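So you can see what is in the structure, the chains are spelled out below.
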Amino acid sequence: MSDLDQLTQSLARNLKRWRNERGFTLDALAARANVSRGMIIQIEQARTNPSVGTTVKLADALGISIATLLDQEPGPRVRLVPAERAVRMWSTPGGSSSVLLVGTEGRGGPLELLAWTLAPGEGSASDPHVEGTTELLHVTSGELTLLVDGVAHRVPAGASACFTSDVPHAYRNEGTETVRMTLAAAIPPVGRSGPTSGS
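So, a few notes on the structure that sits alongside this text. Because the structure is predicted, anything quoted here is derived from the model rather than measured.

Further remarks concern the packing of aromatic side chains. For any pair of aromatic rings, the description consists of the separation of the ring centres together with the inter-plane angle of the planes. In total, this model carries two aromatic pairs according to the counting rule given. Measuring from ring centre to ring centre gives 5.4 Å for Trp 90 and Trp 116, while their planes differ by 80°; the resulting arrangement is edge-to-face. Separated by 26 residues along the polypeptide, Trp 90 in strand E1 (residues 87-91) and Trp 116 in strand E3 (residues 109-118) bring together distant segments of the chain. Taking the centre distance of 4.6 Å and the plane angle of 55° together, the rings of Trp 116 and Tyr 171 count as tilted. Residue Trp 116 is located in strand E3, and its partner Tyr 171 is located in strand E9 (residues 169-172); the two are separated by 55 residues in the primary sequence. Look at Trp 116 and you get buried, because its relative accessible area is 9%. Under the relative-accessibility criterion, Tyr 171 is labelled buried at 3%. Ring pairs connect the aromatic residues Trp 90, Trp 116 and Tyr 171, which therefore count as one cluster.

The next subject is the sheet that holds strand E7 (residues 151-156). The strand order E4-E9-E6-E7 describes an open sheet built from four strands, whose pairing is antiparallel. Where the open sheet ends on each side, the last strands, each with one partner, are strand E4 (123-126) and E7. If you compare each strand with its neighbour and ignore which way they point, the axes differ by 15° on average. By the bridge criterion, four bridges tie E4 to E9 in an arrangement that is antiparallel. Residue Ala 125 lies in a different strand from E9, and its bridge partner there is Ala 170.

Positionally, His 169 belongs in strand E9. Spatially, the C-alpha atom of His 169 lies 9.5 Å from that of His 129, the residues being 40 residues apart in sequence. Beyond its immediate sequence surroundings of up to four residues, His 169 is in contact with Ala 125, Ser 126, Asp 127, His 129, Glu 135, Leu 147, Val 148 and Phe 163.

Bringing the packing of helix H2 (residues 26-33) against helix H4 (residues 52-62) into the picture now. Closest axis-to-axis distance for the H2/H4 pair is 9 Å, and the angle between their directions is 110°. Compared by their axis directions, H2 and H4 come out roughly perpendicular. Residue-level contacts link Leu 29, Arg 32 and Ala 33 of H2 to Lys 57, Leu 58, Ala 61 and Leu 62 of H4. When the residues that make up the contact of H2 with H4 are grouped by side-chain class, the tally is five nonpolar, no polar and two charged.

Our next topic: the pairing of strand E6 (residues 143-148). Most of E6 sits inside the fold, with five of its six residues counted as buried. Bridge count for E6 against E7 is six bridges, and the pairing is antiparallel. Residue pairing in the sheet places Leu 147 in a bridge with Ala 152 of E7. Between the antiparallel neighbours E6 and E7 lie two residues, among them Asp 149 with a positive phi of about 55°.

The next point concerns the pattern of salt bridges. For side chains bearing opposite charge, pairing can occur when the charged atoms are close. Applying the stated rule across the entire model yields six salt bridges. In this structure, Arg 19 and Glu 44 form a salt bridge, with 2.6 Å as the shortest nitrogen-oxygen distance. With a gap of 25 residues between them, Arg 19 in helix H1 (residues 3-22) and Glu 44 in helix H3 (residues 37-44) connect regions that are remote in the sequence. In this structure, the salt-bridge partner of Arg 172 is Glu 174, at a minimum N-O distance of 3.9 Å. Accessibility expressed as a relative area gives 38% for Arg 172, which makes it partly exposed. One network of salt bridges, in which partners are shared, links Arg 154, Arg 172 and Glu 174.

What counts and how
Residues numbered from 1 in each chain as written. Predicted model: local features only at pLDDT ≥ 70, side-chain atom pairs only at ≥ 80, totals over all residues. Heavy atoms only, no water. Phe/Tyr/Trp six-rings, centres within 6.5 Å; stacked < 30°, edge-to-face > 60°. Helix = DSSP H or I, 4+ residues; strand = E, 2+ residues; numbered from the N terminus. Buried < 20%, exposed > 50% of the residue type's maximum accessible area, 1.4 Å probe, protein only. Pairing = 2+ DSSP bridges. Axes fitted to C-alpha atoms, helices over the stretch in contact; angles between N-to-C directions. Contact = heavy atoms within 4.5 Å. Parallel < 35°, antiparallel > 145°, perpendicular 65-115°, else oblique. Nonpolar A, V, L, I, M, F, W, Y, C, P; charged D, E, K, R; others polar. Salt bridge = Lys/Arg side-chain N within 4 Å of Asp/Glu carboxyl O.

In short, geometric facts, not functional conclusions.
Written out as structure tokens, the structure reads:
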């Protein structure tokens, strides 16, 4: 079985498990995540490999980290994640990518750590996350253009940013040097977030 097949099987198993644990019907999760009922059924039956955006919406709606949804379960007090276990969330032919390094379920909700690379002229946009979601990022090379709710912020190498990501936001490289950054996302647990319509 290929790595992609294993990921699809893990996602199918975990989506069904967490949906049942939360007591969500298919229709309830579909409404909360703004993902079609048919898509959720296909994912739970391991018949499709959903987009990163769909996976994020489902994780947000369930109040869990993407890492948990992809079967990186919390273990002992110290859990090491080897480089080969990191999950590439997306990549482009131009060399941009996002890699989920590690994630956990904290008392305050899911917490995720990602490594991003943005090639010159490339970027990535994100739908609003669950109300109260916070992101922190640190740029190690290049200059990031961070757009939050339509407002652009320049984040040069060595600088960091913190923002609430429950509004439309995007990360862009408008310069000539590759942008590399580390990003952490803290997601409120289910029951403390806002509307049940999800992100």
